[in-house]
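Take a look at the letters that make up each chain.
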Amino acid sequence: SEMCIRDRLPVAQVVRRPLVCDGAGVHSSADHANAQPGPLTPLAARMLEYLSSQGLVSHIAAHLRASRDCHPLTEEHQRDLLRLARTFLHPDCPDPQACLAISPEQPFRLGLLRLLLQAINDPDVALPSLLEEGVPTGAFCPLPSSFQWPQVAATASPAPSDLDLVHCEQNWLAAEQDPDCVQRLVDEEVAQGFVEPFHGALEDARRHLSTAVGKLNLVKVPGKEPRLVLDSAVCNLNPRCFVPEHVALPSAGDVRRCFLPEDEYGAWLGLSLDFKAAHKRVRGQLFFYKVCQFGGRFSAFHWQRVGAALLRVSHALLAH
(Lines give C-alpha, C1' and ligand atoms only; values in the text may rest on other atoms or scores of the structure.)
Protein backbone atom coordinates (compact mmCIF):
# COMPACT_ATOMS: atom_id res chain seq x y z
CA SER A 1 0.00 0.00 0.00
CA GLU A 2 0.99 3.65 -0.21
CA MET A 3 1.51 3.84 3.55
CA CYS A 4 3.80 0.82 3.55
CA ILE A 5 5.95 2.26 0.77
CA ARG A 6 6.25 5.56 2.60
CA ASP A 7 7.23 3.80 5.83
CA ARG A 8 10.08 2.08 4.03
CA LEU A 9 11.51 5.29 2.58
CA PRO A 10 14.47 7.03 4.29
CA VAL A 11 13.45 9.52 6.94
CA ALA A 12 15.39 12.41 5.42
CA GLN A 13 13.78 13.15 2.07
CA VAL A 14 14.71 16.05 -0.15
CA VAL A 15 12.11 16.85 -2.76
CA ARG A 16 13.67 18.28 -5.90
CA ARG A 17 12.26 21.74 -6.46
CA PRO A 18 12.95 23.87 -9.54
CA LEU A 19 15.08 26.97 -9.28
CA VAL A 20 12.97 30.10 -9.00
CA CYS A 21 14.24 33.44 -10.33
CA ASP A 22 15.10 35.82 -7.50
CA GLY A 23 17.15 38.36 -9.47
CA ALA A 24 20.49 37.05 -8.13
CA GLY A 25 21.51 35.01 -11.16
CA VAL A 26 20.92 31.64 -12.77
CA HIS A 27 22.49 29.73 -9.85
CA SER A 28 20.34 31.39 -7.18
CA SER A 29 16.78 30.53 -6.21
CA ALA A 30 14.05 32.33 -4.30
CA ASP A 31 12.73 28.97 -3.04
CA HIS A 32 14.59 27.86 0.09
CA ALA A 33 12.39 24.97 1.17
CA ASN A 34 15.39 22.64 0.85
CA ALA A 35 18.01 25.08 2.12
CA GLN A 36 20.89 23.42 3.97
CA PRO A 37 23.38 24.86 6.48
CA GLY A 38 26.29 26.54 4.73
CA PRO A 39 29.64 28.16 5.53
CA LEU A 40 28.02 31.31 6.95
CA THR A 41 25.51 29.50 9.16
CA PRO A 42 27.82 29.63 12.25
CA LEU A 43 28.41 33.34 11.66
CA ALA A 44 24.68 33.98 11.40
CA ALA A 45 24.14 32.09 14.67
CA ARG A 46 26.76 34.22 16.44
CA MET A 47 25.22 37.41 15.07
CA LEU A 48 21.75 36.35 16.18
CA GLU A 49 23.09 35.45 19.63
CA TYR A 50 24.65 38.91 19.93
CA LEU A 51 21.47 40.66 18.77
CA SER A 52 19.39 38.65 21.21
CA SER A 53 21.74 39.43 24.09
CA GLN A 54 21.40 43.15 23.35
CA GLY A 55 17.60 43.00 23.01
CA LEU A 56 17.87 44.09 19.39
CA VAL A 57 15.84 41.44 17.58
CA SER A 58 12.45 42.93 18.47
CA HIS A 59 13.92 46.42 18.03
CA ILE A 60 14.96 45.69 14.42
CA ALA A 61 11.57 44.10 13.68
CA ALA A 62 9.77 47.19 14.99
CA HIS A 63 12.13 49.43 13.03
CA LEU A 64 11.33 47.61 9.77
CA ARG A 65 7.59 47.61 10.44
CA ALA A 66 7.70 51.37 10.96
CA SER A 67 9.73 51.92 7.73
CA ARG A 68 12.04 54.30 9.53
CA ASP A 69 14.51 56.12 7.31
CA CYS A 70 17.59 55.57 9.45
CA HIS A 71 19.92 52.77 10.55
CA PRO A 72 18.30 50.39 13.07
CA LEU A 73 21.57 49.87 14.97
CA THR A 74 23.87 52.29 16.76
CA GLU A 75 27.45 52.72 15.57
CA GLU A 76 28.64 50.74 18.59
CA HIS A 77 26.42 47.79 17.72
CA GLN A 78 27.55 47.99 14.11
CA ARG A 79 31.21 47.89 15.18
CA ASP A 80 30.57 44.86 17.38
CA LEU A 81 28.94 42.97 14.51
CA LEU A 82 31.73 43.98 12.13
CA ARG A 83 34.39 42.71 14.54
CA LEU A 84 32.43 39.47 14.95
CA ALA A 85 32.25 39.00 11.17
CA ARG A 86 35.93 39.78 10.65
CA THR A 87 37.00 37.40 13.43
CA PHE A 88 34.97 34.60 11.86
CA LEU A 89 35.91 35.25 8.22
CA HIS A 90 39.56 36.25 8.63
CA PRO A 91 40.81 35.50 12.16
CA ASP A 92 44.47 35.98 11.18
CA CYS A 93 43.96 39.30 9.41
CA PRO A 94 47.17 41.35 9.79
CA ASP A 95 45.30 44.67 9.49
CA PRO A 96 41.76 44.43 10.91
CA GLN A 97 41.09 48.14 10.40
CA ALA A 98 41.86 47.95 6.68
CA CYS A 99 39.86 44.75 6.39
CA LEU A 100 36.72 46.52 7.61
CA ALA A 101 37.35 49.97 6.18
CA ILE A 102 35.02 51.69 3.72
CA SER A 103 37.06 52.21 0.57
CA PRO A 104 37.52 55.79 -0.69
CA GLU A 105 34.78 56.92 -3.09
CA GLN A 106 32.77 53.79 -2.21
CA PRO A 107 29.62 53.17 -0.13
CA PHE A 108 30.63 49.60 0.76
CA ARG A 109 33.16 47.85 2.96
CA LEU A 110 34.67 46.10 -0.04
CA GLY A 111 37.18 44.15 2.03
CA LEU A 112 34.37 42.60 4.06
CA LEU A 113 32.28 41.96 0.95
CA ARG A 114 35.24 40.16 -0.62
CA LEU A 115 35.61 37.92 2.47
CA LEU A 116 31.90 37.07 2.42
CA LEU A 117 31.92 36.19 -1.28
CA GLN A 118 35.05 34.08 -0.83
CA ALA A 119 33.51 32.26 2.14
CA ILE A 120 30.49 31.11 0.11
CA ASN A 121 32.57 30.43 -3.00
CA ASP A 122 30.47 32.97 -4.89
CA PRO A 123 30.79 32.92 -8.69
CA ASP A 124 31.16 36.74 -8.80
CA VAL A 125 34.03 36.97 -6.32
CA ALA A 126 35.81 39.44 -8.65
CA LEU A 127 33.10 42.09 -8.09
CA PRO A 128 34.74 43.92 -5.12
CA SER A 129 37.96 44.46 -7.11
CA LEU A 130 35.97 45.89 -10.03
CA LEU A 131 34.11 48.26 -7.69
CA GLU A 132 37.38 49.36 -6.11
CA GLU A 133 38.92 50.18 -9.49
CA GLY A 134 35.80 51.97 -10.71
CA VAL A 135 33.21 50.47 -13.05
CA PRO A 136 33.16 51.35 -16.76
CA THR A 137 30.25 53.06 -18.50
CA GLY A 138 30.42 50.84 -21.56
CA ALA A 139 30.59 53.89 -23.83
CA PHE A 140 34.25 53.38 -24.77
CA CYS A 141 34.91 49.72 -23.99
CA PRO A 142 32.65 46.68 -23.51
CA LEU A 143 31.09 46.12 -20.11
CA PRO A 144 32.61 43.06 -18.41
CA SER A 145 30.17 40.21 -17.95
CA SER A 146 29.44 38.84 -14.48
CA PHE A 147 28.36 35.49 -16.01
CA GLN A 148 25.47 35.38 -13.54
CA TRP A 149 22.73 35.65 -16.17
CA PRO A 150 22.24 34.26 -19.70
CA GLN A 151 24.75 35.78 -22.08
CA VAL A 152 23.63 37.86 -25.02
CA ALA A 153 24.04 35.86 -28.23
CA ALA A 154 27.33 36.45 -29.98
CA THR A 155 25.39 37.31 -33.15
CA ALA A 156 23.56 40.17 -31.42
CA SER A 157 24.54 43.56 -32.74
CA PRO A 158 26.62 45.47 -30.18
CA ALA A 159 25.92 49.06 -29.35
CA PRO A 160 27.09 51.48 -32.05
CA SER A 161 30.37 52.96 -30.82
CA ASP A 162 30.47 55.45 -33.72
CA LEU A 163 27.65 57.55 -32.25
CA ASP A 164 28.94 60.94 -31.20
CA LEU A 165 28.39 61.98 -27.60
CA VAL A 166 26.03 64.95 -27.45
CA HIS A 167 26.10 68.02 -25.23
CA CYS A 168 22.51 68.99 -24.41
CA GLU A 169 21.91 72.66 -23.73
CA GLN A 170 18.78 72.42 -21.58
CA ASN A 171 17.10 70.09 -19.12
CA TRP A 172 13.68 68.51 -19.51
CA LEU A 173 10.61 70.65 -18.89
CA ALA A 174 9.85 69.34 -15.38
CA ALA A 175 13.35 70.34 -14.24
CA GLU A 176 13.20 73.71 -15.98
CA GLN A 177 9.86 74.52 -14.32
CA ASP A 178 11.13 73.96 -10.76
CA PRO A 179 14.76 75.14 -10.68
CA ASP A 180 14.73 75.71 -6.91
CA CYS A 181 13.85 72.08 -6.20
CA VAL A 182 16.46 70.89 -8.72
CA GLN A 183 19.13 73.07 -7.15
CA ARG A 184 18.25 71.81 -3.67
CA LEU A 185 18.51 68.18 -4.74
CA VAL A 186 21.78 68.79 -6.57
CA ASP A 187 23.20 70.53 -3.50
CA GLU A 188 22.19 67.51 -1.39
CA GLU A 189 24.00 65.13 -3.72
CA VAL A 190 27.07 67.36 -3.73
CA ALA A 191 27.04 67.32 0.09
CA GLN A 192 26.74 63.52 0.06
CA GLY A 193 29.73 63.22 -2.26
CA PHE A 194 27.79 61.75 -5.20
CA VAL A 195 28.18 64.79 -7.44
CA GLU A 196 30.93 67.37 -7.93
CA PRO A 197 30.79 70.73 -9.67
CA PHE A 198 33.12 71.12 -12.62
CA HIS A 199 35.19 74.26 -12.23
CA GLY A 200 35.41 75.49 -15.76
CA ALA A 201 33.49 75.76 -19.01
CA LEU A 202 32.40 72.94 -21.27
CA GLU A 203 35.34 73.58 -23.56
CA ASP A 204 37.68 73.04 -20.61
CA ALA A 205 36.07 69.68 -19.93
CA ARG A 206 36.39 68.68 -23.58
CA ARG A 207 40.15 69.26 -23.49
CA HIS A 208 40.57 66.72 -20.68
CA LEU A 209 37.74 64.22 -21.12
CA SER A 210 35.39 62.63 -23.61
CA THR A 211 32.20 64.25 -22.40
CA ALA A 212 28.46 63.88 -22.75
CA VAL A 213 25.97 66.27 -21.18
CA GLY A 214 22.57 64.73 -20.59
CA LYS A 215 19.23 66.28 -19.74
CA LEU A 216 18.19 66.45 -16.11
CA ASN A 217 14.62 65.57 -15.21
CA LEU A 218 12.65 65.97 -12.01
CA VAL A 219 10.32 63.13 -11.03
CA LYS A 220 7.50 63.91 -8.59
CA VAL A 221 5.30 61.10 -7.29
CA PRO A 222 2.54 61.76 -4.73
CA GLY A 223 3.59 60.57 -1.29
CA LYS A 224 7.30 60.39 -2.18
CA GLU A 225 10.19 62.81 -2.16
CA PRO A 226 11.04 64.30 -5.58
CA ARG A 227 14.13 62.82 -7.21
CA LEU A 228 16.51 63.66 -9.99
CA VAL A 229 16.93 61.54 -13.09
CA LEU A 230 19.69 62.13 -15.61
CA ASP A 231 18.60 61.24 -19.14
CA SER A 232 21.69 59.47 -20.49
CA ALA A 233 19.97 58.34 -23.68
CA VAL A 234 19.42 61.74 -25.27
CA CYS A 235 23.19 62.42 -25.16
CA ASN A 236 23.96 59.01 -26.77
CA LEU A 237 25.67 57.58 -23.69
CA ASN A 238 23.12 54.79 -23.26
CA PRO A 239 22.97 53.86 -26.96
CA ARG A 240 26.75 53.34 -26.92
CA CYS A 241 26.48 50.97 -23.94
CA PHE A 242 26.13 47.25 -24.74
CA VAL A 243 24.99 45.08 -21.81
CA PRO A 244 26.43 41.55 -22.30
CA GLU A 245 23.81 39.70 -20.23
CA HIS A 246 20.04 39.31 -20.14
CA VAL A 247 19.44 40.29 -16.52
CA ALA A 248 16.40 38.42 -15.22
CA LEU A 249 14.22 39.82 -12.45
CA PRO A 250 11.50 37.87 -10.57
CA SER A 251 7.90 38.06 -11.68
CA ALA A 252 4.59 37.34 -9.99
CA GLY A 253 4.80 33.86 -11.51
CA ASP A 254 8.11 33.28 -9.75
CA VAL A 255 6.53 34.21 -6.43
CA ARG A 256 3.74 31.70 -7.04
CA ARG A 257 6.27 28.96 -7.84
CA CYS A 258 7.69 29.30 -4.33
CA PHE A 259 4.40 27.90 -2.94
CA LEU A 260 3.82 24.44 -4.32
CA PRO A 261 0.55 22.57 -3.65
CA GLU A 262 2.27 20.16 -1.25
CA ASP A 263 3.60 22.99 0.92
CA GLU A 264 2.05 23.64 4.30
CA TYR A 265 -0.18 26.68 4.54
CA GLY A 266 1.17 29.61 6.51
CA ALA A 267 1.27 33.36 6.83
CA TRP A 268 2.82 35.51 4.12
CA LEU A 269 5.30 38.18 5.12
CA GLY A 270 6.60 40.83 2.74
CA LEU A 271 9.65 43.04 3.18
CA SER A 272 10.92 45.71 0.81
CA LEU A 273 14.44 47.14 1.12
CA ASP A 274 15.64 49.98 -1.08
CA PHE A 275 19.07 51.51 -1.67
CA LYS A 276 18.60 55.26 -1.42
CA ALA A 277 20.40 57.65 -3.78
CA ALA A 278 22.27 56.13 -6.49
CA HIS A 279 26.84 65.33 -16.09
CA LYS A 280 24.31 67.58 -14.78
CA ARG A 281 23.77 71.16 -15.88
CA VAL A 282 21.95 73.45 -13.49
CA ARG A 283 21.58 77.15 -14.35
CA GLY A 284 24.67 77.09 -16.54
CA GLN A 285 26.83 75.26 -13.99
CA LEU A 286 28.30 71.90 -15.01
CA PHE A 287 28.24 68.99 -12.56
CA PHE A 288 29.44 65.44 -12.96
CA TYR A 289 28.56 62.23 -11.19
CA LYS A 290 31.19 60.28 -9.28
CA VAL A 291 28.83 57.33 -8.97
CA CYS A 292 26.54 55.28 -11.22
CA GLN A 293 23.68 57.72 -11.62
CA PHE A 294 20.00 56.89 -11.95
CA GLY A 295 19.16 56.88 -15.65
CA GLY A 296 22.32 55.26 -17.03
CA ARG A 297 22.09 51.86 -18.70
CA PHE A 298 25.45 50.90 -17.23
CA SER A 299 24.25 52.03 -13.80
CA ALA A 300 21.35 49.58 -13.82
CA PHE A 301 23.63 46.72 -14.85
CA HIS A 302 26.27 47.38 -12.19
CA TRP A 303 23.70 47.94 -9.43
CA GLN A 304 21.90 44.72 -10.40
CA ARG A 305 25.22 42.91 -10.17
CA VAL A 306 25.90 44.35 -6.70
CA GLY A 307 22.35 43.68 -5.54
CA ALA A 308 22.58 40.07 -6.76
CA ALA A 309 25.80 39.49 -4.80
CA LEU A 310 24.28 40.96 -1.62
CA LEU A 311 21.19 38.80 -2.06
CA ARG A 312 23.29 35.64 -2.41
CA VAL A 313 25.18 36.56 0.77
CA SER A 314 21.85 37.11 2.53
CA HIS A 315 20.68 33.67 1.40
CA ALA A 316 23.84 32.12 2.85
CA LEU A 317 23.39 33.92 6.17
CA LEU A 318 19.74 32.84 6.44
CA ALA A 319 20.30 29.19 5.47
CA HIS A 320 19.43 26.74 8.24
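About the cut-offs
- Within each chain, residues carry numbers counting from 1 in the order of the written sequence.
- This being a predicted model, a pLDDT of at least 70 is required before a residue's local features are given, and a value of 80 or more before pairs of side-chain atoms are given or counted; all residues contribute to the totals for chains, interfaces and linings.
- As a rule here, side-chain values come from all non-hydrogen atoms in the structure, and water together with hydrogens is ignored.
- Cavities and pockets are defined on a 1 Å grid built over the protein atoms alone: a cavity is a set of grid points where a 1.4 Å probe fits but cannot escape, while a pocket is an open set with protein on both sides within 12 Å along at least five of seven lines, and lining residues are those with an atom within 4 Å of any such point.
- Grid points are joined across faces, edges and corners, and a volume is the space filled by probe spheres set on the points.
- Polar here means any residue outside two lists: the nonpolar Ala, Val, Leu, Ile, Met, Phe, Trp, Tyr, Cys and Pro, and the charged Asp, Glu, Lys and Arg; Gly therefore counts as polar.
- Helix and strand definitions follow DSSP, with helices as H or I runs of at least four residues and strands as E runs of at least two, each counted in order from the N terminus.
- A helix is expected to span 1.5 Å multiplied by its residue count minus one.
- Any residue under 20% of the maximum accessible area for its type is buried, any over 50% is exposed, and the rest in between are partly exposed; the area is computed with a 1.4 Å probe on protein chains only.
- The criterion for strand pairing is that DSSP finds at least two bridges linking the strands in question.
- Residues belong to a common nonpolar core when they are buried Ala, Val, Leu, Ile, Met, Phe, Trp, Tyr or Cys residues joined through side-chain atoms within 4.5 Å.
- Contact definition: two residues touch when any of their heavy atoms are within 4.5 Å.
- To get an axis, a line is fitted to the C-alpha atoms, and for a helix only the part in contact is used. The angle between two axes follows their N-to-C directions and goes from 0 to 180 degrees.
- Here the angle decides the label: under 35 degrees means roughly parallel, over 145 means roughly antiparallel, 65 to 115 means roughly perpendicular, and every other value means oblique.
- Should the near helix be turned anticlockwise from the far one by less than a right angle, the crossing is left-handed, and should it be turned clockwise, the crossing is right-handed.

S.K.: Quick one: what's the story with the layout of surface pockets, residue by residue and with numbers?
M.R.: The space that makes up the second largest pocket amounts to roughly 520 Å³. Taken together, 22 residues form the lining of the second largest pocket, with H27, S28, S29, H32 and H315 sitting closest to its centre. Taken together, the residues of the lining of the second largest pocket break down into nine nonpolar, nine polar and four charged.

S.K.: So what's going on with helix α12 (residues 297-318)? Which residues, and what values?
M.R.: In this model α12 runs 32 Å from its N-terminal to its C-terminal C-alpha over 22 residues, within 8% of the 32 Å that 1.5 Å per residue would give. Every buried residue of α12 is listed here: F298, S299, F301, H302, R305, V306, A308, A309, R312, V313, H315 and A316.

S.K.: Could you give an account of the pairing of strand β3 (residues 227-231), naming the residues involved and the relevant values?
M.R.: The element β3 is extensively covered by neighbouring structure, given that four of its five residues are classed as buried. For strand β2 (residues 215-219) and β3, the ladder comprises five bridges, and the chain directions are antiparallel. Counterpart to N217 in the pairing with β3 is V229.

S.K.: Just give me the short version of the nonpolar core, but keep the residues and values in it.
M.R.: Ranked by internal contacts, the top residues of the largest apolar core, which has 28 residues, are L40, L43, Y50, L89, L112, L116 and V313. Where this core is concerned, the elements lending two or more residues are α2 (41-53), α4 (75-89), α5 (96-100), α6 (110-119), α7 (127-133) and α12. Considering every element that reaches this core, the biggest residue donor is α6, with six residues. Among residues more than four places away in sequence, those in contact with L89 are L40, L43, L112, L115, L116 and A119. Judged by nonpolar contacts, the second largest core, of 13 residues, contains C181, V182, L185 and L216.

S.K.: How would you explain the packing of α4 against α6 if you had to name every residue and give the values?
M.R.: α6 packs onto α4 with a crossing angle of 45° between their chain directions and a minimal axis gap of 11 Å. On the basis of their axis angle, the class for α4 and α6 is oblique. Seen from above, α4 lies across α6 with left-handed handedness. For the pair α4 and α6, the contacting residues are L82, A85 and L89 in the first and L112, L115, L116 and A119 in the second. For the contact of α4 with α6, the residue count by class is seven nonpolar, no polar and no charged.

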